[in-house]
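As a plain string of letters, each chain reads:
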Amino acid sequence: MLTRSSDPAELTEQSTRLALDELRGVLVAQGLDGGTERASVPAAAGPGGAPAGAHALSWAASGLMWLTGTPDRAPLVPDGPVLDRARAAARLFASLSARLGCRVDLDVARLLGGRAAVLGLRRGGEFSANGSCRLLPAADEWIAVNLARPHDVGAVDALVGALGARTGPAVAHRSPASQAWTALAGTVSTVAASDVIQIARLLAIPASVLRTDRRTVPFRSLPVVDARPADGPAPRRPSGARDATDRRPLVLDLSAMWAGPLCAHLLGRVGLRVVKVESTTRPDGARGGDPAFYDWLHAGHESVALDFGAPTGRAQLRHLVERADIVIESSRPRALAQLGLDAQGLVAAQPGKVWISITGYGRVCGAVDQAPDPVAFGDDAAVAGGLVAWERGAHGRTPVFCADAIADPLTGLFAAVAGAASLLSGGGHLLDIPMRDVAAWVATRSGVDDGDRRDQALPWRVTGSEPAGWTVHHAGRDQQVLPPQAPWSDDAAAPIPRAAPSGAHTRTVLAGMGLI
(Lines give C-alpha, C1' and ligand atoms only; values in the text may rest on other atoms or scores of the structure.)
Protein backbone atom coordinates (compact mmCIF):
# COMPACT_ATOMS: atom_id res chain seq x y z
CA MET A 1 0.00 0.00 0.00
CA LEU A 2 1.26 3.49 -0.82
CA THR A 3 1.85 5.69 2.21
CA ARG A 4 2.82 9.31 2.50
CA SER A 5 5.79 10.34 4.60
CA SER A 6 4.88 12.08 7.85
CA ASP A 7 6.02 15.43 6.50
CA PRO A 8 8.64 15.42 3.75
CA ALA A 9 8.07 19.15 3.34
CA GLU A 10 9.82 19.71 6.65
CA LEU A 11 13.15 19.06 4.93
CA THR A 12 12.59 21.91 2.49
CA GLU A 13 11.13 24.42 4.95
CA GLN A 14 14.31 26.47 4.81
CA SER A 15 14.03 26.79 1.03
CA THR A 16 10.33 27.70 1.31
CA ARG A 17 11.13 30.46 3.78
CA LEU A 18 13.78 31.85 1.46
CA ALA A 19 11.31 31.77 -1.45
CA LEU A 20 8.72 33.53 0.71
CA ASP A 21 11.11 36.40 1.41
CA GLU A 22 11.94 36.64 -2.29
CA LEU A 23 8.27 36.69 -3.29
CA ARG A 24 7.48 39.38 -0.74
CA GLY A 25 10.29 41.40 -2.27
CA VAL A 26 8.74 41.06 -5.72
CA LEU A 27 5.38 42.30 -4.43
CA VAL A 28 6.92 45.32 -2.76
CA ALA A 29 9.01 46.13 -5.85
CA GLN A 30 5.81 46.14 -7.92
CA GLY A 31 4.08 48.54 -5.53
CA LEU A 32 1.88 45.81 -4.01
CA ASP A 33 1.24 44.86 -0.40
CA GLY A 34 3.98 42.46 0.62
CA GLY A 35 2.02 40.90 3.46
CA THR A 36 2.81 40.75 7.14
CA GLU A 37 4.32 37.29 7.33
CA ARG A 38 8.09 37.46 7.52
CA ALA A 39 10.21 34.37 7.12
CA SER A 40 13.84 35.48 7.03
CA VAL A 41 16.30 32.64 6.74
CA PRO A 42 19.24 32.61 9.14
CA ALA A 43 22.48 33.70 7.53
CA ALA A 44 23.98 30.29 8.19
CA ALA A 45 21.44 28.74 5.86
CA GLY A 46 23.29 29.90 2.77
CA PRO A 47 21.82 30.87 -0.59
CA GLY A 48 20.87 27.44 -1.84
CA GLY A 49 18.20 26.59 0.72
CA ALA A 50 17.50 22.91 1.31
CA PRO A 51 19.66 20.18 -0.25
CA ALA A 52 18.52 18.86 -3.61
CA GLY A 53 17.80 15.42 -2.19
CA ALA A 54 15.24 16.90 0.16
CA HIS A 55 13.45 18.36 -2.85
CA ALA A 56 13.35 14.88 -4.38
CA LEU A 57 11.70 13.38 -1.28
CA SER A 58 9.14 16.15 -1.24
CA TRP A 59 8.47 15.84 -4.98
CA ALA A 60 7.91 12.09 -4.59
CA ALA A 61 5.39 12.58 -1.77
CA SER A 62 3.48 15.30 -3.62
CA GLY A 63 2.24 13.13 -6.48
CA LEU A 64 4.04 15.31 -9.03
CA MET A 65 6.98 12.94 -9.47
CA TRP A 66 4.42 10.35 -10.63
CA LEU A 67 3.84 12.70 -13.58
CA THR A 68 7.47 13.55 -14.37
CA GLY A 69 9.73 11.40 -16.53
CA THR A 70 9.59 8.69 -19.17
CA PRO A 71 7.01 5.90 -19.03
CA ASP A 72 8.39 2.59 -17.68
CA ARG A 73 11.52 4.33 -16.43
CA ALA A 74 12.29 5.81 -13.03
CA PRO A 75 10.38 9.06 -12.48
CA LEU A 76 12.36 12.29 -12.29
CA VAL A 77 12.71 15.52 -10.33
CA PRO A 78 13.07 19.01 -11.85
CA ASP A 79 16.21 20.97 -11.01
CA GLY A 80 14.55 23.96 -9.35
CA PRO A 81 12.74 24.15 -5.98
CA VAL A 82 9.33 24.12 -7.65
CA LEU A 83 7.31 22.98 -4.65
CA ASP A 84 9.09 25.33 -2.26
CA ARG A 85 8.32 28.36 -4.40
CA ALA A 86 4.71 27.23 -4.82
CA ARG A 87 4.39 26.66 -1.07
CA ALA A 88 5.80 30.13 -0.46
CA ALA A 89 3.07 31.58 -2.69
CA ALA A 90 0.44 29.53 -0.87
CA ARG A 91 1.68 30.68 2.51
CA LEU A 92 1.66 34.29 1.41
CA PHE A 93 -1.86 33.88 0.00
CA ALA A 94 -3.01 32.54 3.36
CA SER A 95 -1.61 35.61 5.11
CA LEU A 96 -3.13 38.04 2.60
CA SER A 97 -6.51 36.30 2.59
CA ALA A 98 -6.70 36.48 6.38
CA ARG A 99 -6.40 40.25 6.17
CA LEU A 100 -9.22 40.27 3.61
CA GLY A 101 -11.45 38.54 6.15
CA CYS A 102 -11.12 34.79 5.53
CA ARG A 103 -7.85 32.90 5.79
CA VAL A 104 -7.44 30.27 3.04
CA ASP A 105 -4.81 27.59 3.56
CA LEU A 106 -3.90 25.69 0.41
CA ASP A 107 -2.65 22.17 -0.22
CA VAL A 108 -0.15 22.87 -2.97
CA ALA A 109 0.22 19.24 -4.03
CA ARG A 110 -3.54 18.97 -4.63
CA LEU A 111 -3.54 22.32 -6.39
CA LEU A 112 -0.83 21.33 -8.86
CA GLY A 113 -1.66 17.66 -9.33
CA GLY A 114 -5.43 17.68 -8.88
CA ARG A 115 -6.38 17.62 -12.54
CA ALA A 116 -4.06 14.70 -13.23
CA ALA A 117 -5.69 12.79 -10.37
CA VAL A 118 -9.16 13.48 -11.74
CA LEU A 119 -8.18 12.43 -15.27
CA GLY A 120 -5.97 9.51 -14.24
CA LEU A 121 -2.90 10.87 -16.06
CA ARG A 122 0.60 9.40 -16.03
CA ARG A 123 3.98 10.71 -17.10
CA GLY A 124 4.61 10.73 -20.83
CA GLY A 125 8.28 11.67 -21.19
CA GLU A 126 8.64 13.60 -24.44
CA PHE A 127 4.84 13.83 -24.54
CA SER A 128 2.91 15.82 -21.96
CA ALA A 129 0.82 13.90 -19.45
CA ASN A 130 -2.35 14.73 -21.38
CA GLY A 131 -0.70 13.70 -24.67
CA SER A 132 -1.24 16.93 -26.62
CA CYS A 133 2.21 18.51 -26.35
CA ARG A 134 5.56 17.11 -27.44
CA LEU A 135 9.21 18.00 -26.97
CA LEU A 136 11.13 17.82 -30.25
CA PRO A 137 14.78 18.44 -31.11
CA ALA A 138 15.16 21.15 -33.74
CA ALA A 139 18.47 21.63 -35.51
CA ASP A 140 19.87 23.75 -32.68
CA GLU A 141 17.53 23.69 -29.68
CA TRP A 142 14.67 21.77 -28.11
CA ILE A 143 11.17 22.99 -28.81
CA ALA A 144 7.67 22.17 -27.55
CA VAL A 145 4.71 22.04 -29.93
CA ASN A 146 1.18 21.69 -28.58
CA LEU A 147 -1.51 20.17 -30.79
CA ALA A 148 -4.24 20.70 -28.21
CA ARG A 149 -7.04 21.64 -30.62
CA PRO A 150 -8.28 20.23 -33.92
CA HIS A 151 -7.08 23.46 -35.56
CA ASP A 152 -3.53 22.76 -34.39
CA VAL A 153 -3.49 19.27 -35.89
CA GLY A 154 -4.97 20.56 -39.12
CA ALA A 155 -2.37 23.33 -39.39
CA VAL A 156 0.63 20.99 -39.25
CA ASP A 157 0.56 20.40 -43.03
CA ALA A 158 0.88 24.15 -43.57
CA LEU A 159 3.68 24.37 -41.00
CA VAL A 160 5.65 21.52 -42.56
CA GLY A 161 5.09 22.95 -46.02
CA ALA A 162 6.28 26.39 -44.97
CA LEU A 163 9.42 24.77 -43.57
CA GLY A 164 10.12 23.30 -46.99
CA ALA A 165 9.09 19.70 -46.47
CA ARG A 166 6.28 17.49 -47.72
CA THR A 167 3.99 15.58 -45.40
CA GLY A 168 3.66 12.56 -47.69
CA PRO A 169 0.54 10.49 -48.20
CA ALA A 170 -1.81 9.86 -45.30
CA VAL A 171 -1.72 6.40 -43.75
CA ALA A 172 -5.20 4.99 -43.35
CA HIS A 173 -4.64 3.17 -40.06
CA ARG A 174 -3.03 6.15 -38.31
CA SER A 175 -4.86 8.99 -36.63
CA PRO A 176 -4.49 12.55 -37.95
CA ALA A 177 -2.58 13.49 -34.80
CA SER A 178 -0.17 10.57 -35.20
CA GLN A 179 0.45 11.52 -38.83
CA ALA A 180 0.97 15.14 -37.82
CA TRP A 181 3.58 14.22 -35.20
CA THR A 182 5.46 11.97 -37.65
CA ALA A 183 5.62 14.70 -40.27
CA LEU A 184 6.57 17.36 -37.74
CA ALA A 185 9.32 15.35 -36.04
CA GLY A 186 10.89 14.48 -39.36
CA THR A 187 10.92 18.11 -40.47
CA VAL A 188 11.97 20.22 -37.48
CA SER A 189 15.12 18.22 -36.77
CA THR A 190 16.83 20.00 -39.67
CA VAL A 191 15.37 23.48 -39.11
CA ALA A 192 16.43 26.19 -36.66
CA ALA A 193 14.15 26.35 -33.64
CA SER A 194 13.44 30.06 -34.11
CA ASP A 195 12.19 29.43 -37.67
CA VAL A 196 9.85 26.67 -36.51
CA ILE A 197 8.43 28.79 -33.69
CA GLN A 198 7.95 31.86 -35.86
CA ILE A 199 5.92 30.00 -38.49
CA ALA A 200 4.02 27.94 -35.92
CA ARG A 201 2.86 31.10 -34.18
CA LEU A 202 1.80 32.69 -37.44
CA LEU A 203 -0.43 29.62 -37.84
CA ALA A 204 -1.67 30.02 -34.22
CA ILE A 205 -0.07 26.72 -33.17
CA PRO A 206 1.18 26.91 -29.56
CA ALA A 207 4.94 26.38 -29.65
CA SER A 208 7.98 27.44 -27.66
CA VAL A 209 11.75 27.09 -27.40
CA LEU A 210 13.14 25.45 -24.27
CA ARG A 211 14.97 28.16 -22.32
CA THR A 212 16.66 27.39 -19.00
CA ASP A 213 18.51 30.69 -18.61
CA ARG A 214 15.54 33.01 -18.13
CA ARG A 215 15.69 35.14 -14.96
CA THR A 216 12.48 37.02 -14.35
CA VAL A 217 9.69 37.74 -11.88
CA PRO A 218 6.30 35.98 -11.89
CA PHE A 219 4.21 39.13 -12.35
CA ARG A 220 4.47 42.84 -12.99
CA SER A 221 2.32 45.85 -12.27
CA LEU A 222 2.32 47.72 -15.58
CA PRO A 223 2.32 51.52 -15.51
CA VAL A 224 -1.12 53.05 -16.07
CA VAL A 225 -1.41 56.80 -16.47
CA ASP A 226 -3.86 58.29 -13.96
CA ALA A 227 -4.43 54.99 -12.13
CA ARG A 228 -5.41 55.62 -8.51
CA PRO A 229 -5.98 53.45 -5.46
CA ALA A 230 -9.39 53.33 -3.87
CA ASP A 231 -10.23 55.67 -1.03
CA GLY A 232 -10.38 54.07 2.38
CA PRO A 233 -9.24 50.64 3.60
CA ALA A 234 -9.24 47.51 1.49
CA PRO A 235 -12.66 45.86 1.29
CA ARG A 236 -13.18 42.91 3.61
CA ARG A 237 -15.42 39.92 3.19
CA PRO A 238 -18.92 40.63 4.45
CA SER A 239 -21.68 38.06 4.36
CA GLY A 240 -24.00 38.58 1.42
CA ALA A 241 -26.44 37.06 -1.01
CA ARG A 242 -26.69 37.01 -4.79
CA ASP A 243 -28.90 40.06 -5.12
CA ALA A 244 -28.72 43.83 -5.30
CA THR A 245 -27.69 44.02 -1.63
CA ASP A 246 -24.56 41.95 -2.19
CA ARG A 247 -21.69 44.23 -1.19
CA ARG A 248 -18.86 41.78 -1.43
CA PRO A 249 -15.96 42.81 -3.69
CA LEU A 250 -16.89 41.68 -7.21
CA VAL A 251 -14.57 39.48 -9.24
CA LEU A 252 -15.47 39.33 -12.92
CA ASP A 253 -13.94 36.21 -14.46
CA LEU A 254 -13.57 36.58 -18.23
CA SER A 255 -10.92 33.87 -18.43
CA ALA A 256 -11.14 30.28 -19.59
CA MET A 257 -9.53 26.87 -19.21
CA TRP A 258 -7.38 26.62 -16.05
CA ALA A 259 -5.08 29.42 -14.84
CA GLY A 260 -7.59 32.28 -14.75
CA PRO A 261 -10.47 30.18 -13.36
CA LEU A 262 -8.15 28.85 -10.64
CA CYS A 263 -7.30 32.43 -9.67
CA ALA A 264 -11.04 33.19 -9.50
CA HIS A 265 -11.63 30.01 -7.49
CA LEU A 266 -9.04 31.03 -4.90
CA LEU A 267 -10.39 34.58 -4.59
CA GLY A 268 -13.87 33.10 -4.27
CA ARG A 269 -12.69 30.99 -1.34
CA VAL A 270 -11.67 34.20 0.38
CA GLY A 271 -15.32 35.24 0.15
CA LEU A 272 -15.29 37.57 -2.83
CA ARG A 273 -18.26 37.41 -5.18
CA VAL A 274 -17.24 35.73 -8.45
CA VAL A 275 -19.24 36.15 -11.66
CA LYS A 276 -18.05 34.16 -14.65
CA VAL A 277 -18.85 35.72 -18.02
CA GLU A 278 -18.82 33.66 -21.22
CA SER A 279 -19.77 34.16 -24.84
CA THR A 280 -23.04 32.50 -25.84
CA THR A 281 -21.38 31.27 -29.02
CA ARG A 282 -17.97 30.33 -27.59
CA PRO A 283 -18.27 29.24 -23.95
CA ASP A 284 -15.26 28.23 -21.90
CA GLY A 285 -13.68 25.27 -23.70
CA ALA A 286 -13.09 23.58 -20.35
CA ARG A 287 -16.83 22.87 -20.15
CA GLY A 288 -16.21 20.17 -22.73
CA GLY A 289 -13.66 18.45 -20.52
CA ASP A 290 -14.05 16.46 -17.33
CA PRO A 291 -17.11 17.82 -15.45
CA ALA A 292 -15.62 17.14 -12.02
CA PHE A 293 -12.56 19.27 -12.77
CA TYR A 294 -14.70 22.09 -14.14
CA ASP A 295 -16.98 21.90 -11.10
CA TRP A 296 -14.01 22.19 -8.75
CA LEU A 297 -12.90 25.46 -10.36
CA HIS A 298 -16.34 27.05 -10.80
CA ALA A 299 -18.69 25.77 -8.10
CA GLY A 300 -20.28 28.65 -6.18
CA HIS A 301 -19.71 31.20 -8.94
CA GLU A 302 -22.49 32.97 -10.78
CA SER A 303 -22.63 32.38 -14.52
CA VAL A 304 -23.48 35.04 -17.12
CA ALA A 305 -23.59 34.38 -20.86
CA LEU A 306 -23.66 37.28 -23.32
CA ASP A 307 -23.70 37.61 -27.08
CA PHE A 308 -20.36 39.32 -27.69
CA GLY A 309 -21.22 39.69 -31.36
CA ALA A 310 -24.19 41.96 -30.64
CA PRO A 311 -23.96 45.63 -29.59
CA THR A 312 -26.23 44.96 -26.61
CA GLY A 313 -24.07 42.09 -25.39
CA ARG A 314 -20.87 44.11 -25.72
CA ALA A 315 -22.48 47.05 -23.88
CA GLN A 316 -23.59 44.78 -21.05
CA LEU A 317 -20.11 43.28 -20.87
CA ARG A 318 -18.55 46.72 -20.58
CA HIS A 319 -20.99 47.71 -17.82
CA LEU A 320 -20.10 44.56 -15.89
CA VAL A 321 -16.40 45.26 -16.29
CA GLU A 322 -16.90 48.81 -15.04
CA ARG A 323 -18.73 47.54 -11.94
CA ALA A 324 -16.10 44.93 -11.05
CA ASP A 325 -13.48 45.44 -8.36
CA ILE A 326 -11.27 42.73 -9.92
CA VAL A 327 -11.26 41.65 -13.56
CA ILE A 328 -9.56 38.39 -14.54
CA GLU A 329 -8.96 37.76 -18.22
CA SER A 330 -6.78 35.46 -20.28
CA SER A 331 -7.33 37.05 -23.67
CA ARG A 332 -4.74 38.46 -25.99
CA PRO A 333 -4.94 42.28 -25.91
CA ARG A 334 -6.16 42.55 -29.49
CA ALA A 335 -9.06 40.20 -28.68
CA LEU A 336 -10.09 42.49 -25.83
CA ALA A 337 -9.87 45.49 -28.14
CA GLN A 338 -12.33 43.81 -30.49
CA LEU A 339 -14.80 43.73 -27.59
CA GLY A 340 -14.24 47.41 -26.89
CA LEU A 341 -12.27 46.76 -23.70
CA ASP A 342 -9.10 48.72 -22.98
CA ALA A 343 -7.53 47.49 -19.77
CA GLN A 344 -5.39 50.57 -19.19
CA GLY A 345 -8.27 52.96 -19.79
CA LEU A 346 -10.62 51.02 -17.52
CA VAL A 347 -8.07 50.83 -14.69
CA ALA A 348 -7.42 54.56 -15.01
CA ALA A 349 -11.14 55.38 -15.02
CA GLN A 350 -12.06 53.58 -11.80
CA PRO A 351 -10.04 54.15 -8.63
CA GLY A 352 -9.10 50.89 -6.99
CA LYS A 353 -9.75 48.57 -9.93
CA VAL A 354 -7.56 45.48 -10.12
CA TRP A 355 -7.02 44.03 -13.60
CA ILE A 356 -5.40 40.59 -13.75
CA SER A 357 -4.15 39.76 -17.25
CA ILE A 358 -3.00 36.16 -17.70
CA THR A 359 -1.29 35.33 -20.99
CA GLY A 360 1.34 32.94 -22.24
CA TYR A 361 4.11 35.50 -22.71
CA GLY A 362 2.89 38.80 -21.31
CA ARG A 363 0.86 41.69 -22.65
CA VAL A 364 3.91 43.04 -24.47
CA CYS A 365 5.96 40.24 -25.97
CA GLY A 366 9.69 40.75 -26.25
CA ALA A 367 11.38 40.95 -29.62
CA VAL A 368 12.78 37.45 -29.13
CA ASP A 369 9.27 36.01 -29.43
CA GLN A 370 9.01 37.16 -33.06
CA ALA A 371 5.22 37.41 -33.14
CA PRO A 372 2.58 39.40 -31.27
CA ASP A 373 0.21 37.75 -28.83
CA PRO A 374 1.31 34.11 -29.27
CA VAL A 375 -1.18 31.58 -27.91
CA ALA A 376 0.05 29.24 -25.20
CA PHE A 377 -1.09 26.39 -22.97
CA GLY A 378 0.35 25.14 -19.71
CA ASP A 379 2.78 22.56 -21.08
CA ASP A 380 4.42 24.64 -23.83
CA ALA A 381 4.55 27.70 -21.55
CA ALA A 382 6.34 25.63 -18.89
CA VAL A 383 8.94 24.57 -21.46
CA ALA A 384 9.42 28.19 -22.49
CA GLY A 385 10.24 28.98 -18.86
CA GLY A 386 12.66 26.07 -18.53
CA LEU A 387 10.41 24.07 -16.22
CA VAL A 388 11.31 20.54 -17.33
CA ALA A 389 13.16 17.53 -15.94
CA TRP A 390 16.12 15.83 -17.58
CA GLU A 391 16.42 12.20 -18.58
CA ARG A 392 19.97 10.86 -18.53
CA GLY A 393 20.85 8.23 -21.09
CA ALA A 394 23.70 6.73 -23.06
CA HIS A 395 23.42 9.49 -25.65
CA GLY A 396 23.30 12.40 -23.22
CA ARG A 397 20.44 14.27 -21.58
CA THR A 398 17.02 14.90 -23.00
CA PRO A 399 14.26 17.06 -21.52
CA VAL A 400 10.94 15.58 -20.42
CA PHE A 401 7.74 17.21 -19.24
CA CYS A 402 7.34 18.17 -15.63
CA ALA A 403 3.96 17.28 -14.02
CA ASP A 404 0.70 18.15 -15.81
CA ALA A 405 0.50 21.48 -17.67
CA ILE A 406 2.11 22.85 -14.55
CA ALA A 407 2.38 26.46 -15.73
CA ASP A 408 -1.43 26.67 -15.56
CA PRO A 409 -2.03 25.99 -11.85
CA LEU A 410 1.15 27.78 -10.84
CA THR A 411 -0.01 30.88 -12.71
CA GLY A 412 -3.46 30.68 -11.14
CA LEU A 413 -1.85 30.57 -7.70
CA PHE A 414 0.55 33.46 -8.30
CA ALA A 415 -2.21 35.50 -9.94
CA ALA A 416 -4.35 35.08 -6.82
CA VAL A 417 -1.44 36.23 -4.66
CA ALA A 418 -0.92 39.33 -6.81
CA GLY A 419 -4.66 40.07 -6.92
CA ALA A 420 -5.07 39.82 -3.15
CA ALA A 421 -1.97 41.97 -2.60
CA SER A 422 -3.30 44.59 -5.03
CA LEU A 423 -6.69 44.67 -3.31
CA LEU A 424 -5.01 45.21 0.07
CA SER A 425 -2.90 47.98 -1.48
CA GLY A 426 -6.01 49.84 -2.62
CA GLY A 427 -5.94 48.54 -6.20
CA GLY A 428 -5.39 50.67 -9.24
CA HIS A 429 -3.12 48.04 -10.82
CA LEU A 430 -2.84 46.35 -14.20
CA LEU A 431 -1.18 43.04 -13.33
CA ASP A 432 0.67 41.30 -16.16
CA ILE A 433 1.10 37.59 -15.34
CA PRO A 434 2.76 35.52 -18.11
CA MET A 435 2.67 31.74 -17.66
CA ARG A 436 6.19 31.51 -19.09
CA ASP A 437 7.57 33.85 -16.45
CA VAL A 438 5.80 32.08 -13.58
CA ALA A 439 7.31 28.80 -14.80
CA ALA A 440 10.75 30.40 -15.04
CA TRP A 441 10.41 31.83 -11.53
CA VAL A 442 9.73 28.48 -9.87
CA ALA A 443 12.31 26.68 -12.03
CA THR A 444 15.13 29.03 -11.01
CA ARG A 445 17.30 28.12 -8.04
CA SER A 446 17.43 30.55 -5.16
CA GLY A 447 20.26 32.97 -4.55
CA VAL A 448 23.58 32.25 -6.23
CA ASP A 449 23.00 28.50 -6.36
CA ASP A 450 21.66 28.59 -9.90
CA GLY A 451 24.21 26.67 -11.92
CA ASP A 452 23.43 23.79 -14.22
CA ARG A 453 23.67 20.51 -12.30
CA ARG A 454 22.84 18.22 -15.18
CA ASP A 455 26.44 16.96 -15.29
CA GLN A 456 26.60 16.25 -11.57
CA ALA A 457 25.74 13.03 -9.80
CA LEU A 458 22.29 13.08 -8.23
CA PRO A 459 22.31 13.17 -4.39
CA TRP A 460 19.40 10.69 -4.22
CA ARG A 461 18.58 7.27 -5.64
CA VAL A 462 15.37 5.95 -7.15
CA THR A 463 14.68 2.21 -6.97
CA GLY A 464 11.78 0.03 -8.03
CA SER A 465 9.81 -0.69 -11.15
CA GLU A 466 6.60 0.37 -12.83
CA PRO A 467 4.56 -2.62 -11.61
CA ALA A 468 5.99 -2.61 -8.06
CA GLY A 469 6.28 1.14 -7.60
CA TRP A 470 9.20 3.52 -7.16
CA THR A 471 10.97 4.83 -4.05
CA VAL A 472 13.31 7.79 -3.53
CA HIS A 473 16.19 7.31 -1.09
CA HIS A 474 18.13 10.22 0.39
CA ALA A 475 20.18 10.68 3.56
CA GLY A 476 18.66 7.67 5.30
CA ARG A 477 15.08 8.56 4.40
CA ASP A 478 12.84 6.71 1.97
CA GLN A 479 9.79 8.08 0.22
CA GLN A 480 7.52 6.18 -2.13
CA VAL A 481 6.56 7.95 -5.34
CA LEU A 482 2.85 8.49 -4.79
CA PRO A 483 0.09 9.24 -7.27
CA PRO A 484 -1.42 12.73 -7.41
CA GLN A 485 -4.34 13.59 -5.15
CA ALA A 486 -7.73 14.89 -6.23
CA PRO A 487 -8.23 18.62 -5.57
CA TRP A 488 -11.06 18.09 -3.08
CA SER A 489 -11.34 16.36 0.27
CA ASP A 490 -10.60 12.66 0.64
CA ASP A 491 -13.96 12.29 2.40
CA ALA A 492 -15.88 10.15 -0.08
CA ALA A 493 -19.16 11.05 1.64
CA ALA A 494 -18.71 14.76 0.99
CA PRO A 495 -20.51 15.73 -2.24
CA ILE A 496 -18.57 17.64 -4.87
CA PRO A 497 -20.27 21.01 -5.44
CA ARG A 498 -21.46 21.54 -8.98
CA ALA A 499 -20.80 24.52 -11.24
CA ALA A 500 -23.73 26.43 -12.65
CA PRO A 501 -24.74 25.88 -16.29
CA SER A 502 -23.56 28.57 -18.68
CA GLY A 503 -25.75 31.64 -18.36
CA ALA A 504 -27.73 30.35 -15.35
CA HIS A 505 -27.57 33.73 -13.58
CA THR A 506 -27.55 36.11 -16.54
CA ARG A 507 -30.88 37.80 -15.87
CA THR A 508 -30.41 37.86 -12.10
CA VAL A 509 -26.98 39.47 -12.29
CA LEU A 510 -27.90 42.00 -14.98
CA ALA A 511 -31.13 42.94 -13.21
CA GLY A 512 -29.37 43.27 -9.86
CA MET A 513 -26.99 45.79 -11.42
CA GLY A 514 -29.77 47.65 -13.24
CA LEU A 515 -28.55 46.59 -16.68
CA ILE A 516 -31.90 45.22 -17.88
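Residues numbered from 1 in each chain as written. Predicted model: local features only at pLDDT ≥ 70, side-chain atom pairs only at ≥ 80, totals over all residues. Heavy atoms only, no water.

## Side note on the overall build of the chain
- Counting secondary structure elements, the chain contains 17 helices and 15 strands.
- Split into buried and exposed, the 516 residues of the chain put 55% on the buried side.
- The long-range fraction of contacts in the chain, counting pairs at least 24 apart against all pairs at least 6 apart in sequence, stands at 78%.
- For the chain, the accessible area works out to roughly 20,500 Å², and carbon and sulfur atoms hold 52% of it. (Helix = DSSP H or I, 4+ residues; strand = E, 2+ residues; numbered from the N terminus. Buried < 20%, exposed > 50% of the residue type's maximum accessible area, 1.4 Å probe, protein only. Contact = heavy atoms within 4.5 Å. Areas by Shrake-Rupley, 256 points an atom, 1.4 Å probe, with all protein chains shown as cover.)

## Comments concerning the packing of aromatic side chains
- According to the stated counting rule, one finds 3 aromatic pairs in the structure shown.
- Ring geometry for F127 versus W181: centroids 5.7 Å apart, planes at 85°, classification edge-to-face. With a gap of 54 residues between them, F127 in the loop between α4 (108-119) and β1 (133-137) and W181 in helix α7 (residues 176-188) connect regions that are remote in the sequence.
- Assessed through its relative accessible area of 24%, F127 is described here as partly exposed.
- W181 sits in the buried class, given a relative accessible area of 7%.
- Centre to centre, the rings of F293 and W296 are 5.9 Å apart; their planes meet at 40°, and the pair counts as tilted. Here W296 and F293 lie together in helix α10 (residues 291-298), a separation of 3 residues that amounts to about one turn. (Phe/Tyr/Trp six-rings, centres within 6.5 Å; stacked < 30°, edge-to-face > 60°.)

## Notes on the side chain of R214
- Along the polypeptide, R214 turns up in the loop between β3 (207-209) and β4 (220-222).
- In contact with R214, other than residues within four places in its own chain, are A384, R436, D437, A440 and T444.

## Comments concerning unusual backbone geometry
- For A405, which is not glycine, the phi dihedral falls at a positive 40°.
- With respect to the helices and strands, the residue A405 is situated in the loop between β11 (396-401) and α15 (407-424).
- What makes A405 buried here is its relative accessible area of 3%.

## What about the sheet that holds strand β2 (residues 142-146)?
- Taken together, 3 strands build an open sheet; the order of strands is β1-β2-β3 and the sheet is antiparallel. Since the sheet does not close on itself, it has two edges, and those belong to β1 and β3, each with one partner. Strand-to-strand, the axes of this sheet are offset by a mean angle of 20°, without reference to chain direction.
- As paired strands, β2 and β3 are joined by 3 bridges and run antiparallel to one another. When the sheet's bridge partners are listed, I143 is paired in β3 with V209.
- In the packing of α7 onto the sheet, contacts are made with β1 and β2, and the angle to β1 comes to roughly 25°. (Pairing = 2+ DSSP bridges. Axes fitted to C-alpha atoms, helices over the stretch in contact; angles between N-to-C directions.)

## Details of the environment of P81
- Take P81: it is sitting in the loop between α2 (52-62) and α3 (82-99).
- Sequence separation between P81 and A19 is 62 residues; the distance between their C-alpha atoms is 9.0 Å.

## Details of the pairing of strand β13 (residues 461-465)
- Looking at chain direction, β13 and strand β14 (residues 469-474) are connected through 5 bridges and run antiparallel. Bridge assignment links G464 to a residue of β14, and that residue is W470.
- Once β13 ends, the chain turns through 3 residues before running back antiparallel as β14.

## Structural notes on the nonpolar core
- Membership of the largest hydrophobic core comes to 87 residues, with the highest contact counts inside it found for F93, I356 and L387.
- Ranked by residues supplied to this core, first place goes to α15 with 12 residues.
- When neighbours within four sequence positions are excluded, I356 is seen to be in contact with C263, I326, V327, I328, E329, A415, G419, L431 and I433.
- Counting residues in hydrophobic clusters, the runner-up holds 27 residues, among them L254, A324, A343 and L430. (Core = buried A, V, L, I, M, F, W, Y, C linked by side-chain atoms within 4.5 Å.)

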